[in-house]
Every structure is written in C-alpha cells, then in structure tokens.
Amino acid sequence: MFPIPDLQASRAVFAVRLGAVCHNWRRIAWSSPRLWSSLIIDSSNAVVTDTRIELVKEWIDRSGCLLLSIAWHQPSLVIQTGFVLLFNDNNAKSLIDIMNRHADRWESLNLHLPAGALRLFDASKASKLSSLRKLALHVPLEQPLTSTTFFDLTPPIVNLTFIGNWRWDIKVLDWKRVTHLTASLANTHDVLRILNEGQYLQECKLHICDPRLDLGPTSSYPIARSLTVLVIRFLGPGSMEFFINSVTLPALKLLHIHIEEPGIILSVPAFVSFLTRSSPALTKLALVCGGLTQDGFVPIARLLPSLEALSIGLDCEEDGNFRSFYLAWARPNPEALLPSLVEFRWLGRTLFPLVLLPYYLGPISRNRRRPLKHVNIDCFLNSSTHTLPEISKDLLAQLSHYRSFVQIQVNVQFDGITRNILNIL
C-alpha cells in the first residue's frame, strides 16, 4: 500500500485502497483527479518531514486542474524561545510554498496552525480570480494574526470561520459578500459593525469573548435583512442585552442564545422588544441562561406562533421564572401558546413539572392538538438538594395514550447516574 502518514480522510483512504488492489486499479486511481482533490494533514508532530512534502506534492499533482479542499491541523509547529513564540520550520515553509503555487485552485481551506505559518499563505499567488469560497482559520489566542492576504481576494470569501484568537481587526475584511460567518469576536460592537456591513449574511455563529470591551454607546443599529440563522454566545449579561437592544433581524428563522456566565438571567422586556421590532417568523429557538426576569416566558411565547422547536437550558436550581409559562402552556384554548411546536427540549438542575406533560400533548381546542412529536427532558439532580423522582401509574397511563405519535424521553441524572424514568414508553 502507498504510505500516506497523517493524511486522513474517507476520500484519501478510498483512493489509496483502490491503488493497493492491483496494478490496473492503481493506474485508474492514480489517474482519477477527483479522488485527490481533498487533502487532510492532521499531525501532532512539531516538524514537517521530507516524506510528507513529497507526498503532498504528488497528491496535489494528481488532482489535475480541479479545485482543492485542504485541511491542515498541526498547531504544534510553534516553538518557544525565551518568552517569544516563533514559527521556525523550513520544511513547513516548503510545504506552504507548494500549496501557494496552486492558490488559484483553492476552494476550501481549513487551517489550524500557528499565526507565523498562516502569514506564509499567499493568496496573491493566484494567477486569476480566486476560487476560495470557504476559509477556516484557527489561531492560538496568544498569537495575533497581524496580516494575511486572504482578505484581499477578488471575489472575496463568502464562508469564513475565524476562531481561537478574537484579537483580530474586523476592518480588514470586505463583509459585503460574506454569507456565512463563524467567529470569535472581541465585543458586541464588532458584531454590530459586521451585521451593518454584511448585507448578504445568512448564517452567523458568534462567540463574544470580552464583555469588558462593551463600553459606551453605539452608532450602529443594523437591520440584517438576510440573516436567517444566528447562534451567539455571551460571557456576560451586558453584552447580551446591549446586542438585543441594538439589532433588528426580520428574516430570522433560528436563534440560539447562550449566556456562559452562571446565574445570569435574560431580560424579558428587552427580548420582547427585539421580537416586536424584528417580527421574525422564528421556527427554532434555544435559550441557555440562568433564568428570566420576573415577567417570565409567557410574553415571549405569545410572539412565537410559528415556533416549531424550543430548547430551554436552565443554569439554576430553581424554575428561573418559567413556572408561569409551564402552567399557561398547559391550558387548552383557541389561542394556546406555541400552537405549531413539534419539538421540545428542556435541560435543568431542578425537576421539570412532569405532571403537565399530558396537557401539552392533548387537545388545545376542539379537534386540534399541537403537532408535538419529540419531547426530551433532562434533569441533573443530586441527593443533597433533591430526592429521586418517581412517576405515578396514573401519569404513565396518560402518557401511554400518546406513545404512538410522540417520542417522550425523561432522563434524570441523580448523583452522576443517568436513568430514563419513562423507559416503559
């Protein structure tokens, strides 16, 4: 078999296995460019060997003129000299030179390398208009990427991932053509600027890393008319409230808000104001936080008639002001909350009111019920604050009526041991 150390991908393995069958199959595999258009280098070594350089050169040559997808994961190329981190591997530089010669064929790059190595990639080597549409850069936090030619491409990148190091200058990129963004960003001001300039942004997955930088007023109140998916993680409450008070997202379909700092609650008035201002036809909503302000979730739920999937993650040992919603949601009436819900997921460090489940599944008006098909409850409990819950026979009997069209799962982790307490269903 032809050796390819550290080149791991299903297509790579398939290509080499074909070549190992016999001489004729090897000839066919070696002359099929599509088998060689994806290259993955995944290594924990601190150096690039001469053998790997030759293998990569042959691999890329066999791809002919096809567009290339390259993934290279080798952050250990960084060496430490005193207190300065340096990139110092001549073989790695030679390997990057090989890739640079084919810059006009780059279609997708996923690079997890030290900043010194990333600076050696020269997108200007492309002899014609760039084909690069998908770029993922994973940069160690302690190594700022001060310059790169990736952001000078014509036409510009449309799918960008920039994570690990959030100390990068967002002004160097033309956001007008970017459609998909996954990024670590310093503060909410950066997010607002990107949303204001990125008129074609459709999907954003963002991590706000330093809420201390959210100081002072903003002059940017973006209306992102194309954004349909937003997944955003905040370290503190200030960033979150500042963000939802500043943006309008009328096309939003999926929203996931995660507040990482324990015990921080979501401001219901601010969130209601955002939903009222944006009027999005949300179909999926996920909230991970320490609870809500005293208004509870009912004012939010009233604005979500189109919601099909709801996920609630509670980082607290109480109901987080959701109790009024649990009760209101169980009331059957023609204007019942969340009439379109198909999936419900709940996670928390307290016990969910399981006795209400049959009411969620039952009719909300005459000859009409919610289209619920999946209900997942995960409770994380311990013996110091809770007792192991038991399900009554009456509740099991009520839920059994719905098992033919609803998948119900209730997992309770008690002192580290997980049990499905509805395994009868």
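In case you missed it, the structure is sitting above this.
Described in the following lines is the structure provided in the data block.

Calculation notes
Along each chain, residues carry numbers from 1 onward, in the same order as the chain's sequence is written. In keeping with the predicted nature of the model, local features appear solely for residues at pLDDT of at least 70, side-chain atom pairs appear and are counted solely at 80 or more, and the whole-chain, interface and lining totals rest on all residues. Heavy atoms throughout the structure, all of them, feed into the side-chain values; hydrogens and water do not. Put simply, DSSP marks the helices as runs of H or I at least four residues long and the strands as runs of E at least two long, and each gets a number from the N terminus on. When accessible area is computed with a 1.4 Å probe and restricted to protein chains, residues below 20% of their type maximum are described as buried, those above 50% as exposed, and intermediate ones as partly exposed. Polar contacts, as counted here, are pairs of nitrogen or oxygen atoms within 3.5 Å of one another; within protein the pair requires one atom able to donate a hydrogen and one able to accept it, and residues that are adjacent in sequence qualify only if both atoms are side-chain atoms. Any two residues whose heavy atoms approach within 4.5 Å are treated as being in contact. The salt bridge definition used is simple: a Lys or Arg side-chain nitrogen within 4 Å of an Asp or Glu carboxyl oxygen. Pairing of aromatic side chains requires ring centres within 6.5 Å, counting the rings of Phe and Tyr and the six-membered ring of Trp. Pairs whose planes differ by under 30 degrees are stacked, by over 60 edge-to-face, and all others tilted. Look at NZ for Lys and CZ for Arg. If either is within 6 Å of the ring centre and within 35 degrees of the ring normal, a charge sits over the ring.

**Regarding the side chain of Ser131**
Then step 1. Position of Ser131 relative to the elements: it lies in the loop between helix H5 (115-118) and strand E6 (134-138).
Then step 2. Among the residues examined, Ser131 registers a relative accessible area of 18% and is labelled buried.
Then step 3. Looking at Ser131, its side chain comes within polar contact range of the main-chain oxygen of Asp104, at 3.3 Å.
Then step 4. Residues in contact with Ser131, not counting those within four places in the same chain, are Leu67, Asp104, Trp106 and Glu107.

**Some remarks on the side chain of Thr293**
Then step 1. With respect to the secondary-structure elements, Thr293 resides in the loop between strand E12 (284-289) and helix H9 (298-301).
Then step 2. A polar atom in the side chain of Thr293 sits 3.0 Å from the backbone nitrogen of Val268.
Then step 3. Dropping the residues within four chain positions of it, Thr293 is found in contact with Ile265, Leu266, Ser267, Val268, Pro269 and Asn321.

**What to know about the pattern of salt bridges**
Then step 1. Within the structure shown, the criterion is met by eight salt bridges.
Then step 2. Linking Glu260 and Arg233 is a salt bridge whose minimum nitrogen-to-oxygen distance equals 2.9 Å. Of this pair, Glu260 sits in the loop between strand E11 (254-259) and helix H8 (268-278) while Arg233 sits in strand E10 (residues 229-234), and the two are 27 residues apart along the sequence.
Then step 3. Overlapping salt bridges, with partners in common, bring together Asp315, Glu317 and Arg349 in one network.

**Let's talk about the packing of aromatic side chains**
Then step 1. For the coordinates displayed, the defined rule picks out 16 aromatic pairs.
Then step 2. Here Trp36 and Trp59 contribute two aromatic rings whose centre-to-centre distance is 4.6 Å and whose plane-to-plane angle is 85°, an arrangement assigned as edge-to-face. Taken as a pair, Trp36 in the loop between helix H2 (23-30) and strand E1 (38-42) and Trp59 in helix H3 (residues 50-62) lie far apart in primary sequence, 23 residues in all.
Then step 3. Looking at Trp59, the relative accessible area reads 1%, which means it is buried.
Then step 4. In this arrangement the basic side chain of Arg62 is found over the ring face of Trp36, its NZ or CZ atom lying 4.8 Å from the centre.

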